[in-house]
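Descriptive analysis of the structure
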Amino acid sequence: MSKEIDEDKAFEAALKGKMGWKCPCALDIMDEKSKLLDLSCKKCGKSFKSNKEKDYCMDCSKGR
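Each value, and the rule that gives it
Residues numbered from 1 in each chain as written. Predicted model: local features only at pLDDT ≥ 70, side-chain atom pairs only at ≥ 80, totals over all residues. Heavy atoms only, no water. Buried < 20%, exposed > 50% of the residue type's maximum accessible area, 1.4 Å probe, protein only. Helix = DSSP H or I, 4+ residues; strand = E, 2+ residues; numbered from the N terminus. Pairing = 2+ DSSP bridges. Salt bridge = Lys/Arg side-chain N within 4 Å of Asp/Glu carboxyl O.

Side-chain alternation along strand 2 (residues 47–50) places Phe48 and Ser50 on a buried face and Ser47 and Lys49 on a face that remains uncovered. In the sheet, strand 1 (residues 37–40) pairs with strand 2 via four bridges, with the strands oriented antiparallel. Within the sheet, the bridge partner assigned to serine 40 lies in strand 2 and is serine 47. Hairpin connection, strand 1 to strand 2: the antiparallel pair is bridged by six residues, and glycine 45 has positive phi, about 85 degrees.

Encoded structure:
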């Protein structure tokens, strides 16, 4: 069991060395840009973000 702990610590140390001061949860795993689109509502004109092409914001789509 101590071998597993030593391997985990070695892995963590290697990650920290690659990341510098960053937290392991902040790894740059995704190099892609965000898939969110900047859209504006056709009814009220409010700008909003969505991962799908939409014509209306959440507020206006509820009232339809």
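Here we come to the pattern of salt bridges. Counting across every chain of the model gives three salt bridges. A salt bridge links aspartate 38 to lysine 49, with the nearest nitrogen and oxygen atoms 3.2 Å apart. Of the two residues, aspartate 38 is situated in strand 1 and lysine 49 in strand 2; the sequence distance between them amounts to eleven residues. The exposed category is assigned to lysine 49, whose relative accessible area is 57%. Between lysine 42 and aspartate 55 there is a salt bridge whose closest N-O contact spans 3.5 Å. Highlighted residues: lysine 42 in the loop between strand 1 and strand 2 and aspartate 55 in the loop between strand 2 and helix 2 (58–62), separated in sequence by 13 residues. By relative accessible area, aspartate 55 is classed as partly exposed at 38%.

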